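Residue strings, one per chain:
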Amino acid sequence: MAEHSAARALVEAIGRGFEEFEPPAVPAAVDGPLGWPGYDDQRARATDRSGAEESVLCGRAQVGELPAVLVAFDFAHLGGSVGEAAGARIVAAFERARELRLPVISLVASGGSRMQEGICALRQLQEIARACLLTRRDGIPHITVLRNPTTGGMWAALSAAADVVLAERGAAVAFGGSRVRSATDTGEAFHAEGKFDDGQVDRIVEPAELPGVLAELVRLLRPQGPEPAPVPKSLASGEPPTTGWEAVQRARAADRPRAGAYLDAYFSARFEISGDRAGGRDAGVLCGFGEHDGRTIAFAAQTGTANTPAGFRTAARLIRLADQLSIPVLTLVDTPGAANDAAAEHGGVGPAIAELFTAVADARVPITTLVIGEGGSGGALALAAPGRTWITADAYFAVIAPEASAAILKRDPAEVPDLADHLRLRPQDLVALGFAQDIAR
């Protein structure tokens, strides 16, 4: 029998002082609930080969500065498959996490439900999904790590339901394992990198960096007090613009400070999440959690591009997650407007913007907004906090861009600067009209 299982080695590498939970009692039957011929012998050989009594190991450890509950799979034990005993261990670990108010880290490497236990194994997915839901409702974060391979039910019911999804580089990740899907179905779509490109994974990690990344996440995802995020200091130079057209030109200037500069100045450390979990990513929206003066602040920041449906859905996901974890939110508005091409329409840009409006309106945590550049119509307004919006001196906000206004009104392009004045889109106009609280300094 192996002296140490791979799962135990993994949890001891990630956390200090690992304490295994007592496994819950599960009724035993000869060769399992189906009486599968030779199943008891298979399990005995798996234990001898892997050094693990079951395919999952659950317990508590110190991850960085703080404790967490760990659920680690051992692929050497029957392919990390989950039957009644393993499912009971996972559910019990989530229950302990709720009792102890500790985050859950699931380290998954699994082929899915255990074939030798049939429907008794498959229905564990329902129990695991419910355990994840109850944990989420209690405001406890769940971080998952997709190891090689993560397929079937443990991807669908456990990992894909996590708040933050990390994946080891090169890991096979798919609902259907390689032996049950067509031989022609290969490529990145079935691996971690493809899942990242498709917005289903937040970050690809190397095994060596995993302990540090998990420690950072456990530290950042703690509940915070009710105080709102402070307004960032403005990086704009000069006084507010004299005319509306000057405001538009300054907001469109290539050398104007962008979201990256504001985030670098505001946060001492930050972790970005990526993707809408529905097949898309938008590099024009930066979302995540950062540390500002010792507090965690969630952020969603537009980078000056026309945002896609995936961008709006990712921002909505960030705000819902921050609300769930009781973490205040900072939003940075900077977009000429939502993407309005055929791809955006096929992708559901209207419902995506509606989803973001709803997330902002529904949030119980305070949201602070700073307009740092272009505020183009509904695509910008969806990210703005009612009653808590500030604006910099080199930004504007308008119901429509002056050029589009001229087109709608059938005006000569030469009249665009005058229309910019009529729209009253300057920072000082927005303060006077009650949209912005003040011009950030």
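None of these values were measured; they are calculated from a predicted model.

Caption draft 1: Looking closely at the overall build of the protein chain. Across its full length, the protein chain carries 17 helices and 14 strands. Principal-axis analysis of the C-alpha atoms gives the protein chain an extent of 85 × 45 × 35 Å. Burial analysis of the protein chain (441 residues in total) assigns 54% to the buried set. Working note: accessible area of the protein chain is about 18,600 Å², and carbon and sulfur atoms make up 53% of it. Between the centroid of the 42 positive side chains of the protein chain and the centroid of its 55 negative side chains there is a distance of 3 Å.

Caption draft 2: Main features of the side chain of Asp282. Inspection of the secondary structure puts Asp282 in the loop between strand S9 (269–273) and strand S10 (285–292). Among buried Asp, Glu, Lys and Arg side chains, Asp282 stands out as unpaired, with Arg281 the closest opposite charge at 8.8 Å. Among the polar contacts made by the side chain of Asp282, one reaches the side chain of Asn307 at a distance of 3.4 Å. Within the local environment of Asp282, its side chain forms a polar contact with the backbone nitrogen of Thr308, the two atoms lying 3.0 Å apart. Setting aside chain neighbours within four positions, we find Asp282 in contact with Asn307, Thr308, Ala310 and Gly311.

Caption draft 3: Seen up close, unusual backbone geometry. In this structure, Pro149 follows Asn148 across a cis peptide bond, with omega equal to -5 degrees. Tracing the backbone through its elements, the reader meets Pro149 in strand S5 (residues 142–151). We note that Asp31 has phi near 60 degrees; this positive angle belongs to a residue other than glycine. Mapping Asp31 onto the fold places it in the loop between strand S1 (16–20) and helix H2 (39–50). Although it is not a glycine, Leu78 sits at a positive phi angle of roughly 50 degrees. The residue Leu78 is located in the loop between strand S3 (66–73) and helix H3 (84–100) in this model.

Caption draft 4: Expanded view of helix H1 (residues 6–14). For H1, every residue scored as buried is listed here: Ala7, Leu10, Val11 and Ile14. Down the axis of H1, the smallest arc covering the buried residues is 95 degrees, so these residues share one side. Against the buried residues of H1 lie S1, strand S2 (56–63), S3, strand S4 (104–110), S5 and helix H8 (210–220).

Caption draft 5: Structural context of the packing of aromatic side chains. Throughout the structure, instances matching the rule amount to three aromatic pairs. Between Tyr266 and Phe267 the ring centres are 4.9 Å apart and the planes differ by 90 degrees, which places this aromatic pair in the edge-to-face class. Tyr266 sits in the buried class, given a relative accessible area of 8%. The class for Phe267 is buried, based on a relative accessible area of 7%. Clustering of aromatic rings is evident, with ring pairs tying together Tyr266, Phe267 and Phe299. It is Arg43 that lies over the ring of Tyr39; its NZ or CZ is 4.1 Å from the centre. Arg96 extends its terminal NZ or CZ atom over the ring of Phe21, reaching a point 4.5 Å from the ring centre.

Caption draft 6: The environment of Ala384, seen in detail. As for its position among the elements, Ala384 is in the loop between helix H14 (377–381) and strand S14 (389–391). Judged by its relative accessible area of 7%, Ala384 is buried. Sequence spacing of Ala384 and Phe94 is 290 residues, and the spatial spacing of their C-alpha atoms is 35 Å.

Caption draft 7: Summary view of H2. With 12 residues, H2 extends 16 Å between its outermost C-alpha atoms, agreeing within 8% with the 16 Å of an ideal straight helix rising 1.5 Å per residue. Tyr39, Ala46, Thr47 and Ser50 are the residues of H2 that are buried. On an axial view of H2, the arc spanned by its buried residues comes to 100 degrees, and they lie on one face. For H2, the elements touching its buried residues are H1. A positive phi of about 80 degrees marks Gly51, the residue just after H2.

Caption draft 8: A look at a nonpolar patch on the surface. On the surface, Leu34, Trp36 and Met115 cluster together into a nonpolar patch covering about 300 Å² of accessible area. The residue Leu34 is located in the loop between S1 and H2 in this model. A residue is classified by how much of its surface remains accessible, and Leu34, at 44% relative accessible area, is partly exposed.

Caption draft 9: How the structure looks around the sheet that holds strand S12 (residues 329–335). Judged by pairing direction, the sheet is mixed, and its six strands sit side by side in the order S9-S10-S11-S12-S13-S14 without closing on themselves. Sheet topology places S9 and S14 at the edges, where each strand pairs with a single neighbour. With strand direction ignored, the average angle separating the axes of adjacent strands in the sheet is 25 degrees. Here six bridges tie S12 to strand S13 (residues 367–375), and the two strands are oriented parallel to one another. In the sheet register, Leu332 faces S13, and the bridge partner there is Leu370. Contacts from H8 reach S9, S10 and strand S11 (295–302) within the one sheet, and its direction differs from that of S9 by about 95 degrees.

Caption draft 10: Quick peek at the nonpolar core. Counting 67 residues, the largest nonpolar core has Leu107, Leu166, Leu214, Phe289 and Ile319 as its most contacted members. Per element, the largest residue contribution to this core is eight residues, and it comes from helix H11 (residues 309–325). Ignoring any residue separated from it by four or fewer positions in sequence, one finds Ile319 in contact with Val329, Leu356, Ala359, Val360, Ala363, Ile367 and Leu383. Counting residues in hydrophobic clusters, the runner-up holds 23 residues, among them Phe21, Cys58, Val82 and Leu102.

Cut-offs used in this document
- Residues numbered from 1 in each chain as written.
- Predicted model: local features only at pLDDT ≥ 70, side-chain atom pairs only at ≥ 80, totals over all residues.
- Heavy atoms only, no water.
- Helix = DSSP H or I, 4+ residues; strand = E, 2+ residues; numbered from the N terminus.
- Buried < 20%, exposed > 50% of the residue type's maximum accessible area, 1.4 Å probe, protein only.
- Areas by Shrake-Rupley, 256 points an atom, 1.4 Å probe, with all protein chains shown as cover.
- Lys, Arg positive; Asp, Glu negative; His and termini not counted.
- Charge placed at Lys NZ, Arg CZ, Asp CG, Glu CD.
- Salt bridge = Lys/Arg side-chain N within 4 Å of Asp/Glu carboxyl O.
- Polar contact = N/O pair within 3.5 Å; in protein donor to acceptor, adjacent residues only side chain to side chain.
- Contact = heavy atoms within 4.5 Å.
- Arc of directions from axis to C-beta.
- Phe/Tyr/Trp six-rings, centres within 6.5 Å; stacked < 30°, edge-to-face > 60°.
- Lys NZ or Arg CZ within 6 Å of the ring centre and 35° of its normal.
- Expected span 1.5 Å × (residues − 1).
- Patch = residues over 30% accessible without salt bridge, like charges linked within 9 Å, V, L, I, M, F, W, Y side chains within 5 Å.
- Pairing = 2+ DSSP bridges.
- Axes fitted to C-alpha atoms, helices over the stretch in contact; angles between N-to-C directions.
- Core = buried A, V, L, I, M, F, W, Y, C linked by side-chain atoms within 4.5 Å.

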